[in-house]
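Examination of the molecular architecture
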Amino acid sequence: STSYTIFTVFNASSLATDDHEILSVFYDADGNFTNANNSGNGILLEIAQTTGYFHILHRSPMGVSSGNSFSSTTHISINQPYIISYTRNLPAGTATVWLNNTAIIGGGAVSSSATNGAFDYYPLNFTIGALNDSRYKYFQGQISEIIIFNRALTQDGIDAIEFYLSKKYSITLN
């Protein structure tokens, strides 16, 4: 399914060079993980070095503009812990990103171009803290926890997980 929810707890120690990849996942149809033929579907969570904004992409195929791309207008500060939550609900046609329990990107239209089931097949490349292709943009800081659900959670479900994470990592929710 291309509906899912991702929770990430992180603390960036630097935004000085390049983008900072928190999580990247892609399915590469040709099996060589180079994505040379733009043959895969991908998910990327990152902090943009130039703006300090949180950015998420869901692409099909990778390397082209089809799919979804969402950017916050909230600056991520260094040496401050955050909970980023992202839910993509393809049947409802929505995607939302929360930063410490405040929606920073809400109701974005979801493209169906990232094919259903693409992430249910191998080869699947799942990378934490770096980009999974030849550029290897490393995250500088701590990634404390990542939780992934294979469905879009309800607002109550998102609130419950964020409350749990905020207590575990002493993060103040908005």
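Figured I'd write up the structure that's included with this text. The structure displayed is predicted, hence computed values, not measured ones.

Our focus in this paragraph is the nonpolar core. In this structure, Phe10, Ile22, Leu45, Ile47, Phe54 and Val97 are the most contacted members of the largest nonpolar core, which totals 24 residues. Of all the elements in the fold, those that place two or more residues in this core are β1 (4-12), β2 (20-28), β3 (40-47), β4 (53-59), β6 (81-89), β7 (94-99) and β8 (102-109). Per-element accounting of this core gives the leading share, 4 residues, to β1. Ile22 has contacts with Thr8, Phe10, Leu45, Glu46, Ile47, Phe54, Thr127, Ile128, Gly129, Phe139 and Ile143, leaving out every residue within four places of it along the chain. Counting 11 residues, the second-largest nonpolar core is a separate cluster that includes Val9, Ile83, Phe149 and Ile158.

Regular strands place side chains that alternate from one sheet face to the opposite one. Most of β1 sits inside the fold, with 9 of its 9 residues counted as buried. Neither face of β1 is left uncovered, since the one carrying Tyr4, Ile6, Thr8, Phe10 and Ala12 and the one carrying Thr5, Phe7, Val9 and Asn11 both have all their residues buried. Summarising the sheet, β1 and β6 pair through 8 bridges and their orientation is antiparallel. Pairing of Thr5 across the sheet is with Thr87, part of β6.

We note that Asn100 has phi near 50°; this positive angle belongs to a residue other than glycine. When you line up the elements, Asn100 lands in the loop between β7 and β8. The class of Asn100 is buried, set by a relative accessible area of 5%.

Further remarks concern a nonpolar patch on the surface. The grouping of Phe126, Ile128 and Ile148 at the surface amounts to a nonpolar patch, some 280 Å² of accessible area in total. One can find Ile128 in strand β9 (residues 124-128).

This next bit is on helix α1 (residues 155-169). In this model α1 runs 21 Å from its N-terminal to its C-terminal C-alpha over 15 residues, within 8% of the 21 Å that 1.5 Å per residue would give. For α1, the full list of buried residues reads Ile158, Ile161, Glu162, Leu165 and Ser166. Buried residues of α1, seen end-on, are gathered within an arc of 135° and therefore sit on one face of the element. For α1, exposure combined with an orientation more than 90 degrees from the buried face picks out Asp156 and Lys167. In this structure, the buried residues of α1 make contact with β1, β6, β7 and β10 (141-149). A positive backbone phi angle near 55° is found at Ser170, which sits one or two residues after α1.

Rules used in this analysis
Residues numbered from 1 in each chain as written. Predicted model: local features only at pLDDT ≥ 70, side-chain atom pairs only at ≥ 80, totals over all residues. Heavy atoms only, no water. Core = buried A, V, L, I, M, F, W, Y, C linked by side-chain atoms within 4.5 Å. Buried < 20%, exposed > 50% of the residue type's maximum accessible area, 1.4 Å probe, protein only. Helix = DSSP H or I, 4+ residues; strand = E, 2+ residues; numbered from the N terminus. Contact = heavy atoms within 4.5 Å. Pairing = 2+ DSSP bridges. Patch = residues over 30% accessible without salt bridge, like charges linked within 9 Å, V, L, I, M, F, W, Y side chains within 5 Å. Areas by Shrake-Rupley, 256 points an atom, 1.4 Å probe, with all protein chains shown as cover. Salt bridge = Lys/Arg side-chain N within 4 Å of Asp/Glu carboxyl O. Expected span 1.5 Å × (residues − 1). Arc of directions from axis to C-beta.

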